[in-house]
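# Tertiary structure, described
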Amino acid sequence: GAGVSQSPRYKVAKRGQDVALRCDPISGHVSLFWYQQALGQGPEFLTYFQNEAQLDKSGLPSDRFFAERPEGSVSTLKIQRTQQEDSAVYLCASSTSGVGAWAFFGQGTRLTVV
Amino acid sequence: AQRVTQPEKLLSVFKGAPVELKCNYSYSGSPELFWYVQYSRQRLQLLLRHISRESIKGFTADLNKGETSFHLKKPFAQEEDSAMYYCALRRRGSNYKLTFGKGTLLTVNP
């Protein structure tokens, strides 16, 4: 595709519901990042994959958050037992592996927990 | 710990006026600095990065290590420059996570 694609674009979840957010990176991009952007804030790092390996998950706010990229392309961010504080825009970004490469962002998924 | 500070949440200028969006950072190592822009209803996209030392859409930014700043400047603002601007940093020489500031919403009035 032409860019990083995320789905769904919008998701409303009832508190306690599980959600899954999908990211299709640019073809051939080895690196994939997830960020969380709360209202009025800048994006904050959640987790990073290089191919299928999750090299850094230090930004995941709790063990309710889980990300995977089993075949090194599409990634899914799963949030279990959603809480109101999980309401945010979730951004996915991908890049090549070269030093100095920069990240291309998707449109984001806006999650609202009611 | 690394931190990016954008002191202005909102900045409003008139068309043709100079504009400067401030960015200060704290980082113990050697950083790489970026400006990302988000136009209305569009995705976040790279505007420029300090290692390229380029001018994009008339914008420039110089890394000042003494003042730990990376301010974004344009001599003559245009209405189409109205957008949200984010300063970000990462460890230099890496392809790694970005640390973002909270952003500055620039409005250029006609």
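For the structure itself, look to the data block above.
It is worth spelling out the packing of aromatic side chains at this point. In the structure shown here, the tally under the stated rule is 15 aromatic pairs over all chains. For the pair Tyr48(A) and Tyr96(B), a centre-to-centre distance of 5.5 Å together with 75° between the ring planes defines the contact as edge-to-face. Here Tyr48(A), found in strand β5 (residues 44-50), pairs with Tyr96(B), found in the loop between β9 (83-91) and β10 (99-100), and the two come from separate chains. Plain terms: the ring middles of Phe105(A) and Tyr36(B) are 5.5 Å apart, the flat faces sit at 85° to each other, and that makes the pair edge-to-face. Residue Phe105(A) is located in strand β10 (residues 104-105), and its partner Tyr36(B) is located in strand β5 (residues 31-38); the two belong to separate chains. Pair check on accessibility: Phe105(A) and Tyr36(B) agree, each one buried.

All right, on to the state of the cysteines then. Residue and element names in this part refer to chain A. For the coordinates displayed, the defined rule picks out two disulfides over all chains. Between the sulfur atoms of Cys23 and its disulfide partner Cys92 the distance amounts to 1.9 Å. The sign of the -65° torsion about the S-S bond sets the Cys23-Cys92 disulfide as left-handed. A residue pair is termed long-range when its members are at least 10 positions apart, and Cys23 in strand β3 (residues 19-24) and Cys92 in strand β9 (residues 88-95) qualify at 69 residues. You can call Cys23 buried: its relative accessible area is 0%.

Many authors give the size of an interface as the accessible area that is lost as the parts come together. In this complex, chain A contributes 26 residues to the contact, which on the side of chain B involves 19 residues. Roughly 1,800 Å² is buried in total at the junction of chain A and chain B, and carbon and sulfur atoms are behind 49% of that figure. When the buried area of chain A at its contact with chain B is split by residue, Trp102(A), Phe105(A) and Gln107(A) rank highest and sum to 28% of it. Of all elements in the fold, only β4 (31-37) and β5 of chain A reach the threshold of two or more residues within the side of chain A that touches chain B. A per-element tally of the side of chain A that touches chain B places β4(A) first, with four residues. Here the residues of the side of chain A that touches chain B are counted per class, giving eleven nonpolar, 14 polar and one charged.

Counting residues in each nonpolar core, the largest one holds 25 residues, and the members touching the most others are Trp35(B), Leu72(B) and Tyr85(B). Looking at this core, the elements with two or more residues in it are β2 (10-14), β3 (19-21), β5, β6 (45-49), β9 and β11 (104-109) of chain B. With four residues, the single largest contributor to this core is β9(B). Counting residues in each nonpolar core, the second largest holds 20 residues, with Leu21(A), Leu46(A), Cys92(A) and Leu111(A) among its members.

All names here are of chain A. Cis geometry is found at the peptide bond from Ser7 to Pro8, where omega equals -10°. Tracing the sequence through the fold places Pro8 in the loop between β1 (5-7) and β2 (10-13). Positive phi is not limited to glycine here, since Asn51 has a value of about 55°. By the secondary structure assignment, Asn51 is in the loop between β5 and β6 (53-56).

Along the polypeptide, Gly42(A) turns up in the loop between β4 and β5. Gly42(A) sits in the buried class, given a relative accessible area of 5%. In the structure, Gly42(A) is positioned 31 residues away from Lys11(A) in sequence and 20 Å away in space, judged by C-alpha atoms. Ignoring any residue separated from it by four or fewer positions in sequence, one finds Gly42(A) in contact with Gln36(A), Gln37(A), Tyr86(B), Phe100(B), Gly101(B) and Lys102(B).

Parameters and conventions
- Residues numbered from 1 in each chain as written.
- Chains lettered and ligands numbered in written order.
- Predicted model: local features only at pLDDT ≥ 70, side-chain atom pairs only at ≥ 80, totals over all residues.
- Heavy atoms only, no water.
- Phe/Tyr/Trp six-rings, centres within 6.5 Å; stacked < 30°, edge-to-face > 60°.
- Helix = DSSP H or I, 4+ residues; strand = E, 2+ residues; numbered from the N terminus.
- Buried < 20%, exposed > 50% of the residue type's maximum accessible area, 1.4 Å probe, protein only.
- Disulfide = S-S within 2.5 Å.
- Contact = heavy atoms within 4.5 Å.
- Buried area = accessible area lost by both parts, 1.4 Å probe.
- Nonpolar A, V, L, I, M, F, W, Y, C, P; charged D, E, K, R; others polar.
- Core = buried A, V, L, I, M, F, W, Y, C linked by side-chain atoms within 4.5 Å.

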